[in-house]
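# Structural overview
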Amino acid sequence: MTRRPAGGDRVAEALADPRRAVWRLALPILAGIGVQTLYNLTDMAFVGRLGGSAVAALTFSMPLVFLATGIAFGLGAGATSAVARHLGAGDRPGAGHAAEHAILLALAVGLGTAAAAITFQLDLFRALGARDEPLHLATRYFGILAPGFVLVLLNGTFHAILAGEGDTRTPVALQGSGTLLNIGLDPVFIFVAGMGIRGAAVATVVSQALVCCAFLIHLFVRRGSYVEFRFREFRPSAATAAGLLRVGLPSSGSMLIMAAGGMFYNRIVSAFGPDAVAGIGVGSRLDAVFFLPVIALATSMVTVVGMFFGAGRVDLIRSTVRYALTRSVAFAVAIGVLFWIFAPRLAGLFTTEPVIVDVAVGYIRVITWAFPFIAVGIVSGSVFRGLGSGLPGLVLTSLRVLLISVPLAWTLTRVFHLGIGSVWLSFAASGLITSFVALAWMHRRLRAEERRERRRHG
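Source: prediction; values computed, not measured.

## Things to note about the packing of helix α10 (residues 274-287) against helix α12 (residues 314-347)
Taken N-terminus to C-terminus, the directions of α10 and α12 make an angle of 125°; their axes are 11 Å apart at the nearest point. Taken as axis vectors, α10 and α12 run oblique relative to one another. As α10 packs across α12, the resulting crossing turns out to be right-handed. Across from V282, L286 and D287 in α10, the residues of α12 making contact are F339, L346 and A347.

## Quick look at the pattern of salt bridges
This structure, assessed with the given rule, holds eight salt bridges. Put simply, E228 and R92 hold a salt bridge, and the shortest N to O gap is 3.8 Å. Here E228, found in the loop between α8 (197-221) and α9 (238-270), pairs with R92, found in helix α4 (residues 92-127); they are 136 residues apart in sequence, far enough to count as distant. The class for E228 is partly exposed, based on a relative accessible area of 37%. Assessed through its relative accessible area of 30%, R92 is described here as partly exposed.

## So, the packing of aromatic side chains
Summed over all chains, the structure comprises 17 aromatic pairs. Between the aromatic rings of F125 and F142, the centroid separation amounts to 5.6 Å while the plane-to-plane angle is 85°, which identifies the pairing as edge-to-face. A residue pair is termed long-range when its members are at least 10 positions apart, and F125 in helix α4 and F142 in helix α5 (residues 132-145) qualify at 17 residues. Like F125, the residue F142 is buried in the burial classification. Their ring planes at 5° and their centres at 6.3 Å tell us that F229 and F231 sit as a pair that is stacked. Taken together, the ring pairs in this structure connect F220, F229, F231 and F234 into an aromatic cluster. Positioned above the aromatic ring of W340 is the side chain of R365, whose terminal nitrogen or guanidinium carbon lies 5.2 Å from the ring centre. Over the aromatic face of W410 sits the side chain of R414, whose NZ or CZ is 4.5 Å from the ring centroid.

## Description of α10
With 14 residues, α10 extends 20 Å from end C-alpha to end C-alpha; this agrees with the ideal 20 Å at 1.5 Å per step. The buried fraction of α10 is high, at eleven of 14 residues. Taken together, the buried positions of α10 are A276, V277, A278, G279, I280, G281, V282, G283, R285, L286 and D287.

## What about helix α11 (residues 291-310)?
For α11, spanning 20 residues, the distance from its first C-alpha to its last is 28 Å, which sits close to the expected 28 Å at 1.5 Å a residue. Buried residues dominate α11, accounting for 15 of its 20 residues.

The rules behind the values
- All residue numbers refer to positions counted from 1 along the written sequence of the respective chain.
- At least 70 in pLDDT is required for a residue's local features to be given in this predicted model, at least 80 for side-chain atom pairs to be given and counted, and no such filter applies to totals for whole chains, interfaces and linings, which use all residues.
- Heavy atoms throughout the structure, all of them, feed into the side-chain values; hydrogens and water do not.
- Helix axes use the C-alpha atoms of the stretch in contact, all axes being lines fitted to C-alpha atoms, and the angles between their N-to-C directions lie in the range 0 to 180 degrees.
- Runs of H or I in DSSP of at least four residues are treated as helices and runs of E of at least two as strands, each being numbered from the N terminus.
- An angle below 35 degrees is treated as roughly parallel, one above 145 as roughly antiparallel, one from 65 to 115 as roughly perpendicular, and anything else as oblique.
- Put simply, a crossing is left-handed when the front helix is turned counterclockwise from the back one by less than a right angle, and right-handed when it is turned clockwise.
- Residue contacts follow a heavy-atom distance rule, with two residues in contact if any of their heavy atoms lie within 4.5 Å.
- Criterion for a salt bridge: a side-chain nitrogen of Lys or Arg within 4 Å of a carboxyl oxygen of Asp or Glu.
- Categorising residues by exposure relies on relative accessible area from a 1.4 Å probe, with only protein chains included: less than 20% of the type maximum marks a residue as buried, more than 50% marks it as exposed, and the intermediate range marks it as partly exposed.
- Stacked, tilted and edge-to-face are the three classes applied to pairs of Phe, Tyr and Trp rings, where Trp contributes its six-membered ring and a pair requires centres within 6.5 Å; stacked means planes under 30 degrees apart, edge-to-face means over 60, and tilted covers the rest.
- We count a charge as sitting over a ring when the NZ of a lysine or the CZ of an arginine lies within 6 Å of the ring centre and within 35 degrees of the ring normal.
- In this scheme, a helix's expected span is set at 1.5 Å multiplied by one less than its residue total.

Have a look at this one:
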């Protein structure tokens, strides 16, 4: 029986063969995101059978769900980066201490997020432009989903800790199994139990709860991680918490800005009617396929860069980043071409209403031009997080969403009274501009780290 590599072994393996390490981490992540995307697509397909109002309700809920997953992503990025950097430096106790802080932060933030979401959901949906039947359905769906945000944050943190030690297979297997269960439960609760859109939410929360139990068993009963948890000896550390939050808060802030951007986009698009909102919902589910390989590569970079940075091998970071960037752009171009050709057929998988299909196709055929530039921005943000800095990602996201795409979309539609296609153009333009800023900033940061490394050894 082959021994599974421990955290220290994975650091040595990554240093010996960086490119192999990228794919060893990225491929399980790709499989996990693929299963999650399959769920998103099937969930939309199931809900689409309930009618356009149900699709619009799900679309109005998406930014709020994204907000919760964004917070989980931010805290998880902080945990992955901290664990990887500690293990890269050979500090196993420090990695465990950081992981303990991450879990407690996730629990506290998860409870607060769930409480706020339940309290303010009606006001948020109205602010997004939801009215009448879509508003009613959105509150029924989200009222069940929101309490599960605690599980979302805990599961994301457990995943991040294991990823930080170089194990992406275990968390992907656990969360992927839960997602497949969710896919199976969707039709049962939606159609067989007659719960409609509420059934989709029940299926999600049940699946998340089972995944959380599986993580708890793996980490604390089977002790299946290289990182050791010693909560009985736990002592809060301001320095450790600050290290997590230095990456986690800006990363969460980036996702919150993206969620807010989604709310603004829905608000802008809602002026064109509920079918337009449903159309962007379908289009967004489709372009999630593009993010599969890109996010997998980018997520692997947080661990790899963190390990190399902790080990003092800045020279390996630049070559590995270049490798990841070229591959992510190649994936983006290939997927963009396929989407351009098959957009009508793909959109038709989720709805039979011609107006919704037309909106989705228009969105996809514009946004595909920005796919390569979006890929550059995603990978660059992950490199900064691996280096222990979350602020650059926050600044880049703010530039893309708050300073370019939202104001441009609002101006084009409200001031110049252009059609809905101008909203898609604003998305593409923001991705193009931000990618160049990200590349220049990352190059400057890596040069600074190289100079520090030379002085350290000079």
